[in-house]
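Close look at the chain arrangement
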Amino acid sequence: MYDIIIIGAGASGISAALKASMIDSKLQILVLEKEAKCGRKLSASGNGKCNLTNSVFSKDCYHSIIGDLPSVFVENHNIDEVTGFFHDLGILTYDNNGYHYPISNKALQVTSALVKMCLLRGVEIINSCVVTSIKKMNDKDCYSVLAKDASYYGRNVILAAGSCASPMLGGCSLGYELAEQLGITVTDLYPGLTPMYVDDKNISLAKGVRLNGTVSLHINDIVKKETGQIQINEDNLSGIALMNLSCYLPLLNGSTIKDCLYIDIMPEYSWEKLKEFFVIQQSNNGKETVVLMLSKIFPSPFVKYLLTRIRVNADTIISELTDKQINRLVSNIKKLTFTPVYRDDYSKAQVTIGGINTKEIDSNSFESTKYKGLYIIGEMLDIAGCCGGYNITFAVLSGINAAKAITNKL
């Protein structure tokens, strides 16, 4: 009989196992992981650098379909708990403009260290173990956890099986299926933190271009804005700003809202100042072609795309540009307009929007309100963070809280 059985060896599951073993070294803790390696998503996080947390910490950094867990979570916690946890484990961090990374800058090393510390503390880890069901055994006051070839018994179970996002790194629906077997509510699920696909047949002309700007998404009465780098791809737009806004696309409910995505690629200039600049160029450098003028400001592929969009020939002499053409050029730079197209594709998603209904979870201990001794943490819950370390923050702190709650009652 185990004191704690943890299903899933990602950031939340490993954090829970470590914290519980740190509080009480005598606990019998078992971690069951369906993948051959632990923490595959953690090892790939932060572009391999492992962005652990972020100095900007507010409820607006999290998304939830049902319930107010983001507000309660932010009110009850702070990022020092995350950095403190890693420091206690000997993993030092540094702050890069509010983004906190391990000094090693190696996510794989962080994962390896966490797993090795678990093993050193007596935590048992079984890899390539797919759990098929969890059953409450009231006569023995414990849970039976069934895998393909074995059954395990534990006084407490922590469900930390992750989400559907990033299937190439092990993301799947297993955790939700196990929860639904127990009658626990799972909301509708959507891919989040994804590139934003757009209805624009010419966007590939600017493939590979990176620009800084302000992006706004208008869906019905909801307006959301982000500022940051924008990357143009074959048929989509990506970068932190676009990926954060992608979490609102489920609001489209499968419909298409034409021209609701706007990008200002020169936010430091007002519309009037930018037009004034081009008018001055007409006067001072009137013999230049429009492609030469714009190539001094933007990458060449983007210039080609922009001119195609405003229907101006690249060889046009700028002194010959009409006032209407200049207005159209300025308007496209200040408000580049797109129609986003929602795709139900988890292959490029970093998180899943939706999950276990948080109204059925205690917001402090993360214990199920339907089953005493069952805890659900991390990505499985209906709470997803923006880019910037927020999802690891929630994974770690939910794991720590569950571990504390269990050890306090054992």
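Structure: above.
Below is a summary of the structure that appears in this document.

Quick notes on the rules
Residues numbered from 1 in each chain as written. Predicted model: local features only at pLDDT ≥ 70, side-chain atom pairs only at ≥ 80, totals over all residues. Heavy atoms only, no water. Helix = DSSP H or I, 4+ residues; strand = E, 2+ residues; numbered from the N terminus. Buried < 20%, exposed > 50% of the residue type's maximum accessible area, 1.4 Å probe, protein only. Areas by Shrake-Rupley, 256 points an atom, 1.4 Å probe, with all protein chains shown as cover. Lys, Arg positive; Asp, Glu negative; His and termini not counted. Charge placed at Lys NZ, Arg CZ, Asp CG, Glu CD. Expected span 1.5 Å × (residues − 1). Contact = heavy atoms within 4.5 Å. Pairing = 2+ DSSP bridges. Right-handed = clockwise from strand over helix to strand, strands pointing away. Axes fitted to C-alpha atoms, helices over the stretch in contact; angles between N-to-C directions. Parallel < 35°, antiparallel > 145°, perpendicular 65-115°, else oblique. Nonpolar A, V, L, I, M, F, W, Y, C, P; charged D, E, K, R; others polar. Polar contact = N/O pair within 3.5 Å; in protein donor to acceptor, adjacent residues only side chain to side chain. Core = buried A, V, L, I, M, F, W, Y, C linked by side-chain atoms within 4.5 Å. Left-handed = near helix turned anticlockwise from the far one by under 90°.

1. Side note on the overall build of the protein chain
- Looking only at helices and strands, the protein chain features twelve helices and 21 strands.
- A principal-axis box enclosing the C-alpha atoms of the protein chain has dimensions of 85 × 40 × 35 Å.
- Each of the 410 residues in the protein chain was classed as buried or not, and the buried ones make up 55%.
- When the accessible surface of the protein chain is summed, it comes to about 18000 Å², and 48% of that surface belongs to carbon and sulfur atoms.
- Across the protein chain, 40 positive and 40 negative side-chain charges occur, with their mean positions spaced 4 Å apart.

2. Focus on helix H11 (residues 323-334)
- Its twelve residues place the ends of H11 16 Å apart at the C-alpha level, agreeing with the 16 Å of an ideal helix rising 1.5 Å per residue.
- Taken together, the buried positions of H11 are Gln-325, Ile-326, Leu-329, Val-330, Asn-332, Ile-333 and Lys-334.
- Looking at the buried residues of H11, the elements they touch are strand S16 (261-264), helix H8 (271-284), helix H9 (290-295), helix H10 (300-310) and strand S17 (336-338).

3. Brief notes about the sheet that holds strand S6 (residues 99-102)
- In space, the three strands of this open sheet follow the order S3-S6-S5, with antiparallel pairing throughout. Two strands bound the open sheet, and with one partner strand each, they are strand S3 (53-54) and strand S5 (93-96).
- Bridging between S3 and S6 involves two bridges; their strand directions are antiparallel. Bridge pairing in S6 links Asn-54 to Tyr-99.

4. Notes on the pairing of strand S1 (residues 2-7)
- Most of S1 is tucked away, with six of its six residues classed as buried.
- With five bridges connecting them, S1 and strand S10 (residues 151-159) associate as parallel partners. Its bridge partner being in S10, Ile-6 is matched across the sheet by Ile-158.
- Read as a crossover between parallel neighbours, the route from S1 over helix H1 (residues 11-23) to strand S2 (residues 29-32) is right-handed.

5. Concerning the environment of Leu-182
- Structurally, the position occupied by Leu-182 is in the loop between helix H6 (174-181) and strand S11 (190-192).
- Each C-alpha atom, one on Leu-182 and one on Lys-135, is 7.7 Å from the other, the two residues being 47 residues apart in sequence.
- Once residues within four sequence positions are removed from consideration, Leu-182 is found in contact with Ile-134, Tyr-371 and Leu-374.

6. A closer look at the packing of helix H4 (residues 79-88) against helix H12 (residues 390-409)
- It is the contact of H4 with H12, at a shortest axis distance of 10 Å, that shows an interaxial angle of 75 degrees. As the angle between them shows, H4 and H12 are arranged roughly perpendicular. Packed against H4, whose contacting residues are Glu-81, Val-82, Phe-85 and Phe-86, the element H12 presents Thr-393, Val-396, Leu-397 and Ile-400 at the interface.
- Its residues placed into classes, the contact of H4 with H12 shows six nonpolar, one polar and one charged.

7. Some remarks on the side chain of Asn-54
- Among the secondary structure elements, Asn-54 is positioned in strand S3.
- A residue is classified by how much of its surface remains accessible, and Asn-54, at 5% relative accessible area, is buried.
- A polar atom in the side chain of Asn-54 sits 3.1 Å from the backbone oxygen of Gly-388.
- At a separation of 3.4 Å, a polar atom in the side chain of Asn-54 contacts the side chain of Tyr-390.
- Setting aside chain neighbours within four positions, we find Asn-54 in contact with Ile-79, Gly-98, Tyr-99, His-100, Gly-388, Tyr-390 and Thr-393.

8. Thoughts on the nonpolar core
- In this structure, Leu-114, Ile-158 and Ile-356 are the most contacted members of the largest nonpolar core, which totals 86 residues.
- Considering every element that reaches this core, the biggest residue donor is H12, with eleven residues.
- If near-sequence neighbours (up to four positions away) are discounted, Ile-356 is found in contact with Tyr-176, Ala-179, Ile-184, Thr-185, Val-186, Ile-361, Ile-376, Met-380, Leu-381 and Asp-382.
- In terms of nonpolar packing, the next biggest core, distinct from the first, is built from 44 residues, Ile-203, Leu-252, Ile-263 and Leu-336 among them.

9. Section: the sheet that holds S17
- Pairing is antiparallel in the open sheet, where seven strands are placed in the order S17-S16-S13-S14-S15-S12-S18. Edge strands, defined here as strands with exactly one partner in the open sheet, are S17 and strand S18 (340-341).
- Pairing between strand S13 (residues 210-219) and strand S14 (residues 222-232): ten bridges, direction antiparallel. Bridging across to S14, Ile-219 finds its partner in Ile-222.

10. Here we look at the packing of H8 against H11
- The geometry of H8 relative to H11 is characterised by a closest axis approach of 10 Å and an angle of 135 degrees between their N-to-C directions. One element, H8, and the other, H11, form an angle in the oblique class. Here H8 runs over H11; the crossing is right-handed. Only Asp-323, Ile-326, Asn-327, Leu-329, Val-330, Ser-331, Ile-333 and Lys-334 of H11 make contact with H8, whose side of the interface consists of Trp-271, Leu-274, Lys-275, Phe-278 and Gln-282.
- Here the residues of the contact of H8 with H11 sort into seven nonpolar, three polar and three charged.

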